[in-house]
Amino acid sequence: MKKLLLCLLIIGNTVHAQSLKDALRQNDNEQYDAATDIYKKLIAKEPTNGSLYYYFGNNLLDANLPDSAMMSYNKGLQMEPDNTLNMVGVAKVKLSQGLMAEAKPLIDQAIKKGGKNPLVLLAAGEAYSQFKVKDLMSAQVFLDNAIKIDPKNPDLYNALGDVYTELNNGTMAVTNYNKALSIDKNYTKAFLHRGQLYKRSTNYEGAAAEFQSALAIDVNFAPAYRELGEVYYLQRKLDKAKENYKKYLELSKNNNAARLRYASFLFYSKNYPEALSELNQIKPVDSNSISIMRLSAYLYCETNDTSKAILSINKLWEITQDTTKRITLDYEYYGKILVKTGNDSLGGLYIWQAYQMDPSKTDVLSDLGSMYMKNKRNVEAAKVFEEKIRTGKNVTTADYFNLGKAYYFSKENLKADSAFVKVTELQPNYAYGYFWRGRVNSQLDPDGKLGLAKPHFEKFIEAASADSANISKYKKADLIEADGNIALAYYQQKDYEQATAFCKKVFELDPENSNAKTIMANIKIIREGKNKQ
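In every chain, residue numbers begin from 1 and rise along the written sequence. It should be noted that, the model being predicted, local features are given only for residues of pLDDT at least 70 and side-chain atom pairs only at 80 or more, the latter also being counted only at that level, while totals for whole chains, interfaces and linings use all residues. Side-chain numbers here rest on the full set of heavy atoms in the structure, without hydrogens or water.

S.K.: I'd like a rundown of the nonpolar core, residues and numbers included.
M.R.: Throughout this description, the term nonpolar core refers to a set of buried Ala, Val, Leu, Ile, Met, Phe, Trp, Tyr and Cys residues connected via side-chain atoms within 4.5 Å. Exposure categories follow from relative accessible area, calculated using a 1.4 Å probe and restricted to protein chains: below 20% of the type maximum is buried, above 50% is exposed, and the middle band is partly exposed. The biggest cluster of nonpolar side chains holds 110 residues, and the ones touching the most others in it are Tyr-39, Ile-107, Phe-267, Leu-295 and Leu-299. No other element matches helix 8 (residues 118–130), which puts eight residues into this core. Contact criterion: two residues are considered in contact whenever any of their non-hydrogen atoms come within 4.5 Å of each other. When residues no more than four places from it in sequence are discounted, the contact partners of Leu-299 are Phe-267, Tyr-272, Ala-275, Leu-276 and Leu-279. Counting residues in each nonpolar core, the second largest holds 51 residues, with Val-364, Tyr-432, Ala-464 and Ile-480 among its members. Helix and strand definitions follow DSSP, with helices as H or I runs of at least four residues and strands as E runs of at least two, each counted in order from the N terminus.

S.K.: An account of the pattern of salt bridges is needed here, citing residue identities and associated values.
M.R.: Salt bridge, as used here, is a side-chain nitrogen of Lys or Arg placed within 4 Å of a carboxyl oxygen of Asp or Glu. Applying the stated criterion to the full structure yields 29 salt bridges. Across the pair Lys-247 and Glu-250 runs a salt bridge, and its minimum N-O distance is 3.6 Å. With Lys-247 and Glu-250 both in helix 15 (residues 238–251) and three residues apart, the pair spans about one turn of that helix. Owing to a relative accessible area of 25%, Lys-247 belongs among the partly exposed residues under this scheme. If you follow the salt bridges from partner to partner, you end up with Glu-30, Lys-199, Arg-226, Glu-227, Glu-230 and Arg-261 in one network.

S.K.: Can you break down helix 19 (residues 306–319) residue by residue, with the values?
M.R.: One less than the residue count of a helix, multiplied by 1.5 Å, gives the span that helix is expected to have. For helix 19, spanning 14 residues, the distance from its first C-alpha to its last is 20 Å, which sits close to the expected 20 Å at 1.5 Å a residue. Taken together, the buried positions of helix 19 are Ala-309, Ser-312, Ile-313, Leu-316, Trp-317 and Ile-319. Residues of helix 19 that are buried in the fold lie against helix 18 (290–302), helix 20 (328–340) and helix 21 (344–357).

S.K.: Go over empty space enclosed by the protein with me, naming the residues and quoting the values.
M.R.: Only protein atoms enter the 1 Å grid used here. Points where a 1.4 Å probe fits but cannot escape make up a cavity, open sets with protein on both sides within 12 Å along at least five of seven lines make up a pocket, and a residue lines them when an atom lies within 4 Å of a point. Grid points are joined across faces, edges and corners, and a volume is the space filled by probe spheres set on the points. Applying the stated criterion to the full structure yields one cavity of 30 Å³ or more. Reported here for the largest cavity is a volume of approximately 60 Å³. Residue lining of the largest cavity: Ser-442, Asp-445, Gly-448, Gly-451, Leu-452, Ala-453, Lys-454, Asn-485, Leu-488 and Ala-489, and that is the complete set. Top contributing element to the lining of the largest cavity by residue count: helix 28 (residues 476–492), with three residues.

S.K.: Just give me the short version of the environment of Ala-406, but keep the residues and values in it.
M.R.: As for its placement among the helices and strands, Ala-406 is situated in helix 24 (residues 397–409). Accessibility expressed as a relative area gives 0% for Ala-406, which makes it buried. Ala-406 sits 29 residues away from Arg-377 along the chain, and the two C-alpha atoms are 8.4 Å apart. Setting aside residues up to four positions removed in sequence, Ala-406 forms contacts with Met-373, Asn-378, Ala-381 and Ala-382.

S.K.: An account of the layout of surface pockets is needed here, citing residue identities and associated values.
M.R.: Estimated volume of the second largest pocket: approximately 360 Å³. Taken together, 13 residues form the lining of the second largest pocket, with Tyr-268, Lys-270, Tyr-272, Tyr-333 and Asp-363 sitting closest to its centre. For the lining of the second largest pocket, the secondary structure elements donating two or more residues are helix 16 (256–268), helix 20 and helix 22 (363–374). Sort the elements by how many residues they give to the lining of the second largest pocket and helix 20 lands first, with four residues.

S.K.: Break down the side chain of Asp-467 for me, citing the residues and quoting the values.
M.R.: Relative to the assigned elements, Asp-467 resides in the loop between helix 27 (454–466) and helix 28. Polar side-chain contacts of Asp-467 include one of 2.9 Å to the side chain of Tyr-474. Residues contacting Asp-467, with those up to four places away along its chain left out, are Lys-473 and Tyr-474. Pairing of N or O atoms within 3.5 Å defines a polar contact, subject to two protein rules: one partner must be a possible hydrogen donor and the other a possible acceptor, and residues neighboring in sequence count only if both atoms are side-chain atoms.

S.K.: Please provide a residue-by-residue account of a positive patch on the surface, values included.
M.R.: For patch building, the residue pool is restricted to those with more than 30% relative accessible area and no salt bridge; the joining distance is 9 Å between like charges and 5 Å between nonpolar side chains (Val, Leu, Ile, Met, Phe, Trp, Tyr). Note on areas: Shrake-Rupley, 1.4 Å probe, and residue coverage restricted to the protein chains presented here. His is not counted, nor are the chain ends, whereas Lys and Arg count as positive and Asp and Glu as negative. The atom standing in for a charge is NZ when the residue is Lys, CZ when it is Arg, CG when it is Asp and CD when it is Glu. Together, Lys-494, Lys-504, Arg-527 and Lys-530 line one region of the surface with positive charge. Using a relative accessible area of 53% as the deciding quantity, one classes Lys-530 as exposed.

S.K.: Tell me about the packing of aromatic side chains, residues and numbers included.
M.R.: Only the six-membered ring of Trp is used, alongside the rings of Phe and Tyr, when aromatic pairs are assigned; centres must lie within 6.5 Å, and planes under 30 degrees apart are stacked while those over 60 apart are edge-to-face, with the rest tilted. Applying the stated rule across the entire model yields 37 aromatic pairs. Centroid distance Tyr-298 to Tyr-333: 4.5 Å. Interplanar angle 25°. Geometry classified as stacked. Within this pair, whereas Tyr-298 is found in helix 18, its partner Tyr-333 is found in helix 20, the two being separated by 35 residues in sequence. Per residue, the accessibility class of Tyr-298 equals that of Tyr-333, and both read buried. An aromatic cluster of at least three residues, connected via ring pairs, comprises Phe-401, Tyr-408, Phe-409, Phe-420, Tyr-430, Tyr-432, Phe-435, Trp-436, Phe-457, Phe-460 and Tyr-474. Placement of a charge over a ring requires the Lys NZ or Arg CZ to be within 6 Å of the ring centre, with the centre-to-atom vector within 35 degrees of the ring normal. Positioned above the aromatic ring of Tyr-333, the side-chain terminus of Lys-336 is 4.6 Å from the ring centre. Positioned above the aromatic ring of Trp-436, the side-chain terminus of Arg-439 is 4.7 Å from the ring centre.

S.K.: Can you tell me about the packing of helix 10 (residues 154–166) against helix 11 (residues 170–183), naming the residues and giving the values?
M.R.: For helices, the fitted line uses only the C-alpha atoms of the stretch in contact; every axis is such a line through C-alpha atoms, and the angle between N-to-C directions lies from 0 to 180 degrees. Helix 11 packs onto helix 10 with a crossing angle of 165° between their chain directions and a minimal axis gap of 7 Å. Put simply, helix 10 runs roughly antiparallel to helix 11. With respect to the hand of their crossing, helix 10 and helix 11 are arranged in left-handed fashion. Of the residues in helix 11, those in contact with Pro-154, Tyr-157, Asn-158, Leu-160, Gly-161, Asp-162, Tyr-164 and Thr-165 of helix 10 are Met-172, Ala-173, Asn-176, Tyr-177, Lys-179, Ala-180 and Ile-183. Geometric relationships in this document are graded by angle, where less than 35 degrees denotes roughly parallel, more than 145 denotes roughly antiparallel, 65 to 115 denotes roughly perpendicular, and other angles denote oblique. Rotating anticlockwise by less than a right angle from the far helix to the near helix defines a left-handed crossing, while the corresponding clockwise rotation defines a right-handed one.

Spelled out as structure tokens, the structure:
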């Protein structure tokens, strides 16, 4: 390809094209250690050739080793102070750290000096589109200019497709990926990136077809297996997902970045013990790795190793004093870990902060509300469940049920009744929705004179009796409470036969029940009084 010919012109005639091609291919294939070995040999042959350090730095940056990448780019500038590729390389590290103000002057300088070199324009375009902080308009301009100089380079169209993907212009993204393939029909990266675009738009079948097309060209193209694994995971085809991820790990020569991604996949698949096993096999090359410490904290929390979890999360907080490096899950898990270690108050604050950072994560509200209820902090629990229901996202019957209980224990009986009404509307056959309506109304009518609780306890008994195959799941105490309240209501209505009948039901479950004995004693007195008249 023309890109490689241009690389040769930059690097010099003493380096064989095949060796450079191999290094680039290994990098694209995410075999970073193998690529590193090749680059070290190339640099040993030409230690003063600055551009070699740029490509080596790219490989290290892709392997999530920004400090090492920075050293390589700076070494390249030391060898060739005017090497514009390494200027862009240093800017890439700055952009990966979110430092746009420090990166922009370096890219401007590189474009000013080397703006007629399509490789420099490509590097600048990729720099502005690959990281969290972006300048997509400038990236588009650089790549358009590069294409004018070298219209037969598929890398340029692929990179421009990536820019349009980030701009959410799928039509133009696909157009440019297709142009790359029209130049080189075996250009696997275009299939990969087109598939990633489809995955992003939730077209999982289309995405899988693209990744499989890449593998039809190169059966050892590791990223396609990773992407297939993620697509299958999103489709809940977990066996296929795991199979493809293992193949990705095998082809990636078990390098740290691949293992970390696989461990992360297992974490999101809720396969926590296996994820922890994979994580523990990662070579300890960087004790300050944010990604490793983050995943360690999450997994130790999920496997209930609280001592290691708190050590890991504290270490994560230490190495992310720049809070822009923290993510929502960090706060969520800090909260969960604190709760597990008994610090519920502070833990709840962190979990609430996680929700405020990302209001789409309404699942944390259910967890937080349940935690408050467990600790009898019912007013706080009610506020949390109110917020969950207000969002309207993934609201469940359980959320209304827990809201009702939180109101009940907070003596907010009218609000509690409304919540349990919603429970019975959503699940008419759920017996405990009626039971708790009965409880609430018994608090509103404690002596049973108005009979407010009676119809709800009757519905509870009816629903529980209809579920005779699972009668054991209904607590004996709850059945006694329901029958006892019905008996009390009949007693207040002066229907002593029905009151007696329900007292007998109570005695069948609890022969010494004091409330039922009191009702029966009162009925006896009333009847004896009538007989004397």
